[in-house]
Amino acid sequence: MVDVQGTVEDGFEPVRDAFAANFAERGERGAAVAVYRDGRKVVDLWGGTRDGDARPGGAEPWEPGTAQIVRSATKGIAATVPLLLHQRGLLDLDAPVGTYWPEFKAAGKDRVLVRHLLAHRAGLPVLDTPLTPAQAVDGVSGPAAVAAQAPAWTPGTDHGYHAQTYSWLLGELVLRVTGRTLGTWVAEEISGPLGLDLWIGLPTEARARVGRLAPVEAPPRPAAAGLRVRPKKTVADAYADPASLTSRAFAAISPAPDENSDAYRAGELPASAGIATAPALARAYAALIGPVDGHARLFAPATLTLARTEESAGPDRTLLVNTRFGLGFMLHGPASPLLGPGSFGHPGRGGALAFADPEHGVAFGYVTNGMQRNVTADPRAQALVRALATVSG
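Residues numbered from 1 in each chain as written. Predicted model: local features only at pLDDT ≥ 70, side-chain atom pairs only at ≥ 80, totals over all residues. Heavy atoms only, no water.

1. A look at the overall build of the protein
Alright, step 1. In terms of regular secondary structure, the protein is built from 13 helices and 14 strands.
Alright, step 2. When its C-alpha atoms are laid out on the principal axes, the protein stretches across 55 × 45 × 40 Å.
Alright, step 3. By the burial criterion, 59% of the 393 residues in the protein qualify as buried.
Alright, step 4. Sequence separation of at least 24 residues holds for 69% of the intrachain contacts in the protein that already meet a minimum separation of 6.
Alright, step 5. Of the roughly 14,900 Å² of accessible surface on the protein, 52% is carried by carbon and sulfur atoms.
Alright, step 6. Distance from the positive charge centre (37 side chains) to the negative charge centre (39 side chains) of the protein: 5 Å. (Helix = DSSP H or I, 4+ residues; strand = E, 2+ residues; numbered from the N terminus. Buried < 20%, exposed > 50% of the residue type's maximum accessible area, 1.4 Å probe, protein only. Contact = heavy atoms within 4.5 Å. Areas by Shrake-Rupley, 256 points an atom, 1.4 Å probe, with all protein chains shown as cover. Lys, Arg positive; Asp, Glu negative; His and termini not counted. Charge placed at Lys NZ, Arg CZ, Asp CG, Glu CD.)

What follows is the structure in structure tokens.
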């Protein structure tokens, strides 16, 4: 039995029960979950081992400040940056990307708009020539590759998840507009002021805080929180076919990088390599929708509306399931169930999840070191969301 540590306010005990059940029934090794309600932290729990590949009984325990790579949950934090730039009058969401990044106009992309990048409508989920792990984080090769790449479909006409290329598309756009890398912008404008243990580009002094990721098996039904734990055959076949758009999108970095390496963690990859604690994710989203500990809310009402207004919906050319996106954020739906229709956030492949629900005044962050084989909905995260739903009414 795993000894769950931390605190919950009265009324949020079902979240603690679901968190404990994740270890007992759903293969959890080490994880943390945090919830903010109306700007106050009401859940802060952790348990298990710091490293997903550690042997039971011989591993360092998860501690309050333990952080993990959160994979695509990074995308929601990254999307905050262009939306705040727009809010400050520095970025036009309806301008062609080439307005800020002239080299991007190549190969028929002169009409790709900034909002297309955020809503996965740019037609650029794949690279004809994948990048090596070293190229992916060098700050030059990725932007050059997506600038030269021809779209897989007419931009703006359809959507498909930009699993890896999102890093270089958003990262270079922010650099061209601000003169700062996206990771630097987050550190200086979001993480620093709010006191967040959250990085896109891990500094050397924080390395000791980060646990190791490892694969784990998905739980069988009924412990899978009502989710399909084996993909449909068409989806499984797409992932197995190296020539498919699905497979190529996730293989834009090839061979697959070592996510536990210092080089990868230090690389600024806004699509996949953000590192955070659960309280930092929850606090970041809480700050998007309301004041937190005297800090003014980050999103003005109009920006919040932009974040969660549907831009893309229906069959996803990459994921082959129905997905919904606002401007950079995944929206509540069957592929990624959140708290309710007004929720916006982003899951991370294999486990992590962060989101906010303004109608309930709730912000949620969950991180884990056990990577299950899922992309948009994890049984452990969903069990926590369902428990939260019972107390958030």
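2. Considerations on the packing of helix H2 (residues 73-87) against helix H6 (residues 166-178)
Alright, step 1. At a minimum axis separation of 11 Å, H2 and H6 run at an interaxial angle of 30°. Considering the angle they form, H2 stands roughly parallel to H6. When you trace H2 past H6, the crossing you get is left-handed. Between H2 and H6, the residues in contact are Lys 75, Ala 78, Ala 79, Val 81, Pro 82 and Leu 85 and Tyr 166, Leu 170, Val 174, Val 177 and Thr 178, respectively.
Alright, step 2. Within the contact of H2 with H6, the residues separate by chemical class into 9 nonpolar, 1 polar and 1 charged. (Axes fitted to C-alpha atoms, helices over the stretch in contact; angles between N-to-C directions. Parallel < 35°, antiparallel > 145°, perpendicular 65-115°, else oblique. Left-handed = near helix turned anticlockwise from the far one by under 90°. Nonpolar A, V, L, I, M, F, W, Y, C, P; charged D, E, K, R; others polar.)

3. Here we look at the environment of Gly 47
Alright, step 1. Note on placement: Gly 47 falls in strand E3 (residues 40-48).
Alright, step 2. Along the backbone, Gly 47 and Pro 64 are 17 residues apart, and their C-alpha atoms lie at a distance of 9.1 Å.
Alright, step 3. Apart from the residues within four sequence positions on either side, Gly 47 is in contact with Val 2, Asp 3, Phe 19, Phe 23, Arg 29, Gly 30, Ala 31 and Trp 62.

4. Quick notes on the sheet that holds strand E7 (residues 275-276)
Alright, step 1. Within the open sheet, the 3 strands sit side by side as E4-E7-E5. Their pairing is antiparallel. At either end of the open sheet lies a strand with only one pairing partner, and these are strand E4 (68-69) and strand E5 (198-199).
Alright, step 2. Two elements, E4 and E7, share 2 bridges in a ladder whose sense is antiparallel. Of the residues in E7, the one forming a bridge with Gln 68 is Ala 276. (Pairing = 2+ DSSP bridges.)

5. Let's talk about helix H1 (residues 13-25)
Alright, step 1. Between its terminal C-alpha atoms H1 stretches 18 Å, which fits the 18 Å expected from 13 residues at 1.5 Å a residue.
Alright, step 2. Among all positions in H1, only Val 15, Ala 18, Phe 19, Ala 21, Asn 22 and Phe 23 are buried.
Alright, step 3. Looking at the buried residues of H1, the elements they touch are strand E2 (30-37), E3 and helix H13 (379-389). (Expected span 1.5 Å × (residues − 1).)

6. A word on the pattern of salt bridges
Alright, step 1. Under the defined criterion, the tally for this structure stands at 21 salt bridges.
Alright, step 2. Of the charged contacts in the structure, one is a salt bridge between Glu 103 and Arg 176, with a shortest N-O distance of 3.0 Å. Taken together, the residues Glu 103 in the loop between H2 and helix H3 (114-118) and Arg 176 in helix H6 connect sequence positions 73 residues apart.
Alright, step 3. We classify Glu 103 as partly exposed; its relative accessible area is 44%.
Alright, step 4. The class for Arg 176 is partly exposed, based on a relative accessible area of 34%.
Alright, step 5. Taken together, the shared-partner salt bridges in this structure form one network comprising Arg 88, Arg 180, Glu 188 and Glu 189. (Salt bridge = Lys/Arg side-chain N within 4 Å of Asp/Glu carboxyl O.)

7. A few points about the nonpolar core
Alright, step 1. Within the largest apolar cluster, 85 residues are counted, with the highest numbers of intra-cluster contacts made by Leu 117, Trp 168, Leu 198, Tyr 285, Phe 299, Phe 329 and Phe 344.
Alright, step 2. Sort the elements by how many residues they give to this core and helix H11 (residues 278-289) lands first, with 10 residues.
Alright, step 3. If you look at the next biggest cluster of nonpolar residues, it comprises 24 residues, including Phe 12, Val 43, Val 362 and Leu 384. (Core = buried A, V, L, I, M, F, W, Y, C linked by side-chain atoms within 4.5 Å.)

8. Examining the packing of aromatic side chains
Alright, step 1. Enumeration over the complete set of coordinates arrives at 10 aromatic pairs.
Alright, step 2. Relative to Phe 344, the ring of Tyr 285 lies with its centre 6.0 Å away and its plane at 55°, an arrangement referred to as tilted. In this pair, Tyr 285 sits in helix H11 while Phe 344 sits in strand E11 (residues 344-347), placing the two residues 59 residues apart along the sequence. In this pair, the class of Tyr 285 matches that of Phe 344, namely buried.
Alright, step 3. When the ring of Phe 299 is compared with that of Phe 329, the centres are 6.4 Å apart and the planes differ by 85°; the resulting orientation is edge-to-face. Taken together, the positions of Phe 299 in the loop between H11 and helix H12 (301-308) and Phe 329 in the loop between strand E9 (322-325) and strand E10 (330-331) put the pair 30 residues apart, joining distant regions of the chain.
Alright, step 4. Residue classification places Phe 299 among the buried residues on the basis of a relative accessible area of 0%.
Alright, step 5. With a relative accessible area of 0%, Phe 329 lands in the buried category.
Alright, step 6. Feature note: the residues Tyr 161, Tyr 239, Phe 250 and Phe 325 constitute an aromatic cluster, connected by ring pairs.
Alright, step 7. The ring of Phe 104 has Lys 109 lying over it, and the distance from NZ or CZ to the ring centre is 5.0 Å.
Alright, step 8. The ring of Phe 250 is capped by Arg 349, whose NZ or CZ atom sits 4.2 Å from the centre of that ring. (Phe/Tyr/Trp six-rings, centres within 6.5 Å; stacked < 30°, edge-to-face > 60°. Lys NZ or Arg CZ within 6 Å of the ring centre and 35° of its normal.)

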